[in-house]
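One letter stands for each residue in the lines below.
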Amino acid sequence: MERSFASEIGKLKLGAGETFRGEGILAVTKALLQSGVAYVGGYQGAPVSHLLDVMVSARDDLGELGVHVEACANEAAAAAMLAASINYPVRGAVTWKSIVGSNVASDALSNLASAGVQGGALVVVGEDYGDGASVIQERTYAFALKSTIWLLDPKPDLTTIVNMVEHGFALSEASHAPAFLQLRIRACHLQGEFTARDNVAPAISARQKLVEPAPFLYERLSHPPVTFGQERDKRSVRIPAARDYIRRHKLNEHIKGKTGGVGLILQGGLYNTVIRQLALAGLADPYGKSKLDLLVLNVTYPLVPDEIEAFCRGKDAVLVLEEGYPEFIEQQVLQILVRAGTAAAVRGKDMFEGAGEYTGEVVARGLAEFLAAHGPDSSARIQALADGIDQAVAAGRAAFDGPPPPPREPTFCTGCPERPVFGAVKLVEREIGRVHVAADIGCHAFATFAPFGMGNSILGYGMSLASAAAVGPIQQRRTLAVMGDGGFWHNGLQTGVAGNLFNDGDGVLVIMQNGYAAATGQQDIPGGGKAPSMDIERTLKALGVTWLKTLRTYGVEAMVKTLREAFTSAQKGLKVIIADGECMLARRRREKAADDWRIAEGGRVEAARYGIDADLCTGDHACIRLSGCPSLTVAPNPDPLRDQPVSHVTQDCVDCGLCGEMAHAAVLCPSFYRAARIHNPGLWDRLVHRLRRTVIGWLARTV
C-alpha cells in the first residue's frame, strides 16, 4: 500500500477514557467502531483511500466485533451494500472518492434514498478542490439535494469529526434517510487527539446472525407505486425529522462575537482556515474565540431555517463562505431570509472565487472586501492582512528575475511498466500516422503529458473503450483505447468490452495489467492474484474476443510489432493487447526487502544500473523524447569542442531495462551500457572480474 497502518491498527482497540492520537482518517475508522457499525465497504480513491485500507488491514480484529468488511468492485457495488440497512436495524458505512464515486453509485444511491433506511447508513466521501484536485470539481452537495441525502461537513478537528460520525448514524436512523460525511483532504490527514469510547459490537452482525430474514414489506422497495409516497415522505417526514435532530443536538455551532452587525455563515470544513485568518487579523484568538459572529454548519444539508433566521436577526449583513460552485447554501440562506422577512444583506460568491479551494489567501481577501463594504470597526485589520498578502505575492513575483521555471508535469514512476507501451505507440505512429487515443483514469493518464502527449478524451474510470465507440466509425485508422486492469474490472468489462462486441466494433484496446489499483495506493483488485480464477485473458476469451495477445510490457520491439499488426490487420473486430508488467513500486518494495535479507545472510545479490557513455552520445536526446524516464536527464558534454549537452542516467535508475529496449527498437545510438554491483560475490564472480580487468587493461594499453 501507499501507506501502511500496521503499527496504528492497535489504536482501534482503545477503550473509554483513553486518548487517541493520530490521523483524521484513522479517527473516522475508530468512530465507526464506537458507533456499532455492522458492515463497511467501499472503493479506493484519494483522499479517503486509507479508510478502506485500514479496515481491510484490521479485518481480523474487526471480526471479533462481528464487523463485515468488503472491498467492492466499484462504487455502485459499495452503495448497493447499504441495502442491508433498508430492512434491518444495522448500521453500515461505505466510502469512495468525491462526486466521481457518487456518479458511479448514483443508481443505487437514488434507490436507497427513495426507500429510506431502518439502520443508520453513512457514506464517507472525500472532497477535493483547487489546482491540486485530481478529479472534476463538482460538488457532492448537488447529489445530496437531488436525492435528499443529508450532508455532514464537520470542523477539521478530531473530536468534532468523531462526534459527527456517531451523530451521522443517529441522524440517519432518526429520519430514515442515508447521510454523507464529507471530508476534505486536510481533514483526512489532520493530526490530533480525542477521548476514545469503547467499541460497540453490533446486535446484529456477522457473529450475531439473524435466524429469519425480515418480513416482506412492499413499502421498503423503491418501486412504483410506492415511490410517489416515498418522495412525499422526504419532504413531509424525513426533512422535518432531520432538522429536529440537528436542532436538538446542536450539531451546528453558533460562536458569538462582539460585533453584532455582521456575521459569517460557513461550512464546518472551512472553519480552521477562516479562524486562522481572523486570528492573524486580530479578530479571533488561537482557540477559536471570534470577535465576529460565526455560524459553523457541521451539517450543510438540510439547513435549519429557524437557526439561520435567528443568527441573521438584527444583523445588517451576513457573509456565506461556501467552497465550490454553484452556491447552494447561499441560495437557501437567501430564500430563508426572504420568506422570514429578515432584512440582512446576504453576500457570498460575489466576494469570493466562483470555484476552487478557499485557501487562506482567498478567505482573507473575501473577508476584507465584505468588512470594508459593511463597515464594522474591525475592517481595517483584515484589510491590512489582505494588503500584506498582496505585497507578499508581489514580492515573490519580483524576486523572480528572469524567465519562469520550466513546468514540472506529473509523470510515470521510474521504471513504470506502462511507459514502454506508450513509447511503442509513438514508434508505430511513425509508420502508420497518428491515431485517436481514448485515455482513461489511472497511472496511464500520465501519457497525456510530455513526452508522449497521447489522449483525446478521459470520460471516467474504465470508460476509454466506450468513449471511442462513436469515434471509430468516423476515422480512417483504428482508434486506440487504453485502460488499466483496475478500470477493466471497475467498469470497462461491461461498458466497454461487452458493448464493443455487441455492436461489432473494430478498434484496438490495450489493457495495462500491473496487478493493483496502483494510482490509489496499490490496493488489491479482482484478477490481481487474490482470486486466481478471475483472469482478464480467460474472461475476454469467454466473451468472444478472438484477437487477443498478452505481452511483457518491457519488450518494446515485440510491442511495436503487435501494435502494428493490430492497427493494420484485415481482421475486423476488437483487438486486445494485455500489456503485463507488475507495478514497479510494489515490485521494488518486495524485492528490496528480500535482497536486504539475503545480503544480511551472506547471499549473493546483483544490483544493476544503466548508464550512458558520454563519448558516444550524439546529444540528440531521442532516448529522452521516446521514453520520458525520470532517471534520464542531460549533463554537460565532456568534449570541449562540443557544447550540446549529453544524455545522462541518474542514480534513480531501477534497472527496468527500458532505455536499452528503446534504443534497440528505435535503432538509436549504442551509447547505453549496463553495470552491475555484486554483493557477497562468489569465487566465479571474482574470477570473471579479474579476467575483465586484465583484458580491459590490455586493450587500454594498445589503443
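What you see is a predicted model, and the numbers here were worked out from it, not measured in a lab.

Next up on the list: the overall build of the chain. Assigned secondary structure in the chain consists of 25 helices and 23 strands. Its C-alpha atoms give the chain a radius of gyration of 30 Å, within 12% of the compact-globule value 27 Å for 703 residues. The principal-axis extent of the C-alpha atoms belonging to the chain is close to 95 × 70 × 60 Å. In the chain, which comprises 703 residues, the proportion classed as buried is 51%. Considering only contacts in the chain between residues 6 or more positions apart, those separated by 24 or more positions represent 77%. Carbon and sulfur atoms provide 54% of the accessible area of the chain, an area that totals close to 32300 Å². Side-chain charges in the chain split into 71 positive and 75 negative, and the spacing between the mean points of these groups amounts to 3 Å.

Our next topic: the sheet that holds strand 9 (residues 253–255). Strand order across the open sheet formed by 5 strands is 9-11-10-13-14, with mixed pairing between neighbours. Of all strands in the sheet, those bounded by a partner on one side alone are strand 9 and strand 14 (345–347). For this sheet, the mean inter-axis angle between neighbouring strands, taken without regard to orientation, is 20°. Looking at chain direction, strand 10 (residues 259–267) and strand 13 (residues 317–321) are connected through 5 bridges and run parallel. Residue pairing for strand 13: Val262 is matched across the bridge by Ala317. Of the strands in this sheet, strand 10, strand 11 (292–297), strand 13 and strand 14 touch helix 15 (residues 360–374), which is tilted by about 170° from strand 13.

Right, let's talk about the packing of helix 1 (residues 24–34) against helix 2 (residues 49–57) for a bit. Where helix 1 meets helix 2, the closest approach of the two axes is 9 Å, and the angle between their N-to-C directions is 55°. It follows that helix 1 is oblique to helix 2 by the angle criterion. Considering how the two elements wind past one another, helix 1 and helix 2 form a crossing that is right-handed. Mapping the contact onto sequence places Ile25, Leu26, Val28, Thr29, Leu32 and Leu33 in helix 1 and His50, Leu51, Val54 and Met55 in helix 2.

As a further point, take the pattern of salt bridges. Applying the stated criterion across every chain yields a total of 28 salt bridges. One salt bridge in this structure joins Asp153 and Arg184, with 2.7 Å as the shortest N-O distance. In this pair, Asp153 sits in the loop between strand 6 (150–152) and helix 9 (158–175) while Arg184 sits in strand 7 (residues 179–184), placing the two residues 31 residues apart along the sequence. This pair shows no difference in class: Asp153 is buried, exactly as Arg184 is. We note a salt bridge from Arg186 to Glu357, for which the minimum N-O separation is 2.2 Å. Taken together, the residues span a long stretch of sequence, with Arg186 in helix 10 (residues 185–188) and Glu357 in the loop between strand 14 and helix 15 at a distance of 171 residues. Overall, Arg186 belongs to the exposed group, its relative accessible area being 55%.

Counting through the fold element by element, Gln277 comes out in helix 12 (residues 271–280). Look past the residues within four positions of Gln277 in its chain and what remains in contact with it is Gly360, Val363, Ala364, Leu367, Ile382, Leu385 and Ile389.

Before going further, it helps to spend a moment on the environment of Met164. Mapped onto the elements, Met164 comes out in helix 9. Accessibility expressed as a relative area gives 2% for Met164, which makes it buried. If we skip the residues at most four places from it in the chain, Met164 touches Leu152, Pro154, Leu181, Leu251, Asn298 and Val299.

Moving on to the sheet that holds strand 6. The 7 strands lie next to each other as 3-2-4-5-7-6-12, forming an open sheet whose pairing is mixed. The open sheet has two free edges, formed respectively by strand 3 (68–71) and strand 12 (299–301), since each of these has just one partner strand. The average undirected angle you get between the axes of adjacent strands in this sheet is 20°. With 5 bridges joining them, strand 2 (residues 37–42) and strand 4 (residues 91–97) adopt parallel strand pairing. From the neighbouring strand, Gly41 faces strand 4, where its bridge partner is Val94.

The subject of this paragraph is helix 22 (residues 584–600). Three or four residues apart is the spacing at which side chains of an α-helix point the same way, because the helix has 3.6 residues per turn. Here helix 22 is 17 residues long and its end C-alpha atoms lie 24 Å apart, about the 24 Å a rise of 1.5 Å per residue gives. Following helix 22 by one or two positions, Gly602 has its phi on the positive side, about 85°.

So, about unusual backbone geometry. The linkage connecting Tyr301 with the following residue, Pro302, adopts the cis geometry, with an omega of 0°. Position of Pro302 among the secondary structure elements: in the loop between strand 12 and helix 13 (305–312). A cis amide bond links Tyr325 with the next residue in sequence, Pro326, at an omega value of 0°. With respect to the helices and strands, the residue Pro326 is situated in the loop between strand 13 and helix 14 (328–340).

Among the residues making up helix 12, those that are buried are Tyr271, Thr273, Val274, Ile275, Gln277 and Leu278. Phi for Gly282, located one or two positions after helix 12, is positive at around 80°.

This part covers a positive patch on the surface. Together, Lys258, Lys289, Lys291 and Arg381 make up a region of like positive charge exposed at the surface. For Lys289, the position within the fold is in the loop between helix 12 and strand 11.

Let us look at the packing of aromatic side chains. How two aromatic rings sit relative to each other is set out by the distance from centre to centre and by the angle between their planes. Taken as a whole, this structure holds 13 aromatic pairs when the rule is applied. Aromatic ring contacts, followed pair by pair, group Tyr141, Trp150, Tyr301 and Phe328 into a single cluster. Stacked on the ring of Phe143, the Lys or Arg Lys146 has its end atom at 4.3 Å from the ring centre. The ring of Trp547 has Lys549 lying over it, and the distance from NZ or CZ to the ring centre is 5.1 Å.

Parameters at a glance
- Residues numbered from 1 in each chain as written.
- Predicted model: local features only at pLDDT ≥ 70, side-chain atom pairs only at ≥ 80, totals over all residues.
- Heavy atoms only, no water.
- Helix = DSSP H or I, 4+ residues; strand = E, 2+ residues; numbered from the N terminus.
- Rg over C-alpha atoms; globule rule 2.2 N^0.38 Å.
- Buried < 20%, exposed > 50% of the residue type's maximum accessible area, 1.4 Å probe, protein only.
- Contact = heavy atoms within 4.5 Å.
- Areas by Shrake-Rupley, 256 points an atom, 1.4 Å probe, with all protein chains shown as cover.
- Lys, Arg positive; Asp, Glu negative; His and termini not counted.
- Charge placed at Lys NZ, Arg CZ, Asp CG, Glu CD.
- Pairing = 2+ DSSP bridges.
- Axes fitted to C-alpha atoms, helices over the stretch in contact; angles between N-to-C directions.
- Parallel < 35°, antiparallel > 145°, perpendicular 65-115°, else oblique.
- Left-handed = near helix turned anticlockwise from the far one by under 90°.
- Salt bridge = Lys/Arg side-chain N within 4 Å of Asp/Glu carboxyl O.
- Expected span 1.5 Å × (residues − 1).
- Patch = residues over 30% accessible without salt bridge, like charges linked within 9 Å, V, L, I, M, F, W, Y side chains within 5 Å.
- Phe/Tyr/Trp six-rings, centres within 6.5 Å; stacked < 30°, edge-to-face > 60°.
- Lys NZ or Arg CZ within 6 Å of the ring centre and 35° of its normal.

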